[in-house]
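Given next are the chains, with one letter for each unit.
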There are 2 protein chains.
Amino acid sequence: MSESVALDPVDLHILRLLQNDARTTYRELAAEVGVAPSTCLDRVARLRRSGVILGHRLRLDPARLGRGLEALLLVQVRPHRRELIGPFVDRIRALPESRAFFHLTGPDDYLVHVAVADPTDLQRLVLDEFTSRREVARVETRLIFQQWECGPLMPPTADGRNPATGSGTRPGS
Amino acid sequence: MSESVALDPVDLHILRLLQNDARTTYRELAAEVGVAPSTCLDRVARLRRSGVILGHRLRLDPARLGRGLEALLLVQVRPHRRELIGPFVDRIRALPESRAFFHLTGPDDYLVHVAVADPTDLQRLVLDEFTSRREVARVETRLIFQQWECGPLMPPTADGRNPATGSGTRPGS
DNA sequence: GGTGAAATTACAGCTTC
DNA sequence: GAAGCTGTAATTTCACC
């Protein structure tokens, strides 16, 4: 069970800036936050150790990689038992088309975010990797018109209102 | 319209390694790929200029930030017209609970990935930010049991099979 | 692809509250 | 004593050849 970590305003400011651009240098962070670069280094190292920061990821454009069509697949697995879902999960995660994968409550057991070349490629994926599997009872395909990234992830505030956004929390493009 | 970019095996190898850890140094990349560090620098710079690499993102643990409950909200907006969806999209993107946001085909117009503190917080979010809006006709809430990240994003292969994974494409935990 | 300068990062010891 | 600052060494980045 991962427990919530106590974060002071300096930590939060650093996290907000790094979420905007994970390659911000400690010097720049320091100038913005108003502490020494080494302090920023210490803070970031602690945030890593405490598990708040899990890592750094590259953000790629699927379209430029020849995967210009994205979709969400809602999948019902029957029977919904461990022996069957283990191999299913492993297989779906390993697909080169899979971007993200969720196990959910509700009528659909899984949601898979996929990126494919075109509708033909999507059809192949659905038929060959989903509906052809014995444990897959149903697949519903929803194309993605557009997707957005949202603002930085911050701890909730006590009153349930937006946290103060410091130096401008404007979600990227 | 973003067009697919031609990538050679060196580019693909670099992209695979950087997707595993975006902070890999050019020296390490060079050693793995078998080219000079300066060549890696050139390649990465080109991948940035060509739009394949959009940026670097921090991967955070929502639970450690006090947002231990995640859910997907399927939202139907009626009438589904530009005048109404503009403000809706802006508002939902700006919510501190929103992590990702999709405009979809199918019976549900939008899917919102949210991270909240607990069920009470989720209830507040759904009631105050979704069902209370006049243009929101229906919201379906699906809790997330578990989620996975998938393997590195690579261009599709001609035959629709998995691309060669070089030095071990094992998706992270 | 290699080299060298500049910048960044890591890490020590010292200071402060 | 925990947290932050300053200085220095090691590493990384990057412009130029």
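Details of the structure are given in the entry above.
Residues numbered from 1 in each chain as written. Chains lettered and ligands numbered in written order. Predicted model: local features only at pLDDT ≥ 70, side-chain atom pairs only at ≥ 80, totals over all residues. Heavy atoms only, no water.

## Observations regarding the protein's contact with DNA strand C
- Looking at DNA strand C, the residues that line it are Thr25, Tyr26, Arg27, Ser38 and Leu41 of chain A together with Val35, Ala36, Ser38 and Thr39 of chain B.
- Here the atoms of DNA strand C within 4 Å of the protein split so that 62% fall in sugar or phosphate, with bases taking the remainder.
- Within the backbone of Tyr26 of chain A, one N or O atom sits 2.9 Å away from a phosphate oxygen of DNA strand C.
- In this structure, a phosphate oxygen belonging to DNA strand C sits 2.4 Å away from a side-chain N or O atom of Thr39 of chain B.
- Looking at the surface near DNA strand C, the elements with two or more residues in it are helix 2 (26–33) and helix 3 (37–49) of chain A together with helix 3 (37–49) of chain B.
- Classifying every residue of the surface near DNA strand C by side-chain character gives four nonpolar, four polar and one charged. (Near = heavy atom within 4 Å. Polar contact = N/O pair within 3.5 Å; in protein donor to acceptor, adjacent residues only side chain to side chain. Helix = DSSP H or I, 4+ residues; strand = E, 2+ residues; numbered from the N terminus. Nonpolar A, V, L, I, M, F, W, Y, C, P; charged D, E, K, R; others polar.)

## Points about the sheet that holds strand 2 (residues 69–77) of chain B
- Pairing in this closed barrel of eight strands is antiparallel, and the strands run 2(A)-4(A)-3(A)-5(B)-2(B)-4(B)-3(B)-5(A) around the ring. Within this sheet the neighbouring strands show an average axis-to-axis angle of 35 degrees, counted without direction.
- Pairing of strand 2 (residues 69–77) of chain A with strand 4 (residues 110–116) of chain A involves seven bridges; the strand directions are antiparallel. Bridge pairing links Leu73 of chain A to Val112 of chain A in strand 4 of chain A.
- Sitting on the sheet, helix 4 (residues 82–94) of chain A touches strand 2, strand 3 (98–104), strand 4 and strand 5 (136–149) of chain A together with strand 5 (136–149) of chain B, and the angle it makes with strand 3 of chain A is about 155 degrees. (Pairing = 2+ DSSP bridges. Axes fitted to C-alpha atoms, helices over the stretch in contact; angles between N-to-C directions. Contact = heavy atoms within 4.5 Å.)

## Considerations on the protein's contact with DNA strand D
- Residues in contact with DNA strand D, as listed here, are Val35, Ala36, Ser38, Thr39 and Arg43 of chain A together with Thr25, Tyr26, Arg27 and Leu41 of chain B.
- The contact in question runs from a phosphate oxygen of DNA strand D to an N or O atom on the backbone of Tyr26 of chain B, over 3.0 Å.
- Arg27 of chain B places a polar side-chain atom, nitrogen or oxygen, 3.4 Å from a phosphate oxygen of DNA strand D.
- Only helix 3 of chain A together with helix 2 (26–33) of chain B provide two or more residues apiece to the surface near DNA strand D.

## Considering the packing of helix 1 (residues 9–20) of chain B against helix 3 of chain B
Residues and elements named next belong to chain B.
- Two numbers describe how helix 1 lies on helix 3: the axes approach to 10 Å, and their chain directions differ by 85 degrees. Viewed along their axes, helix 1 and helix 3 adopt a mutual orientation that is roughly perpendicular. Contacts between helix 1 and helix 3 pair Val10, Asp11, Ile14, Leu15 and Leu18 from the former with Cys40, Arg43, Val44 and Leu47 from the latter.
- Residues that form the contact of helix 1 with helix 3 fall into these classes: seven nonpolar, no polar and two charged. (Parallel < 35°, antiparallel > 145°, perpendicular 65-115°, else oblique.)

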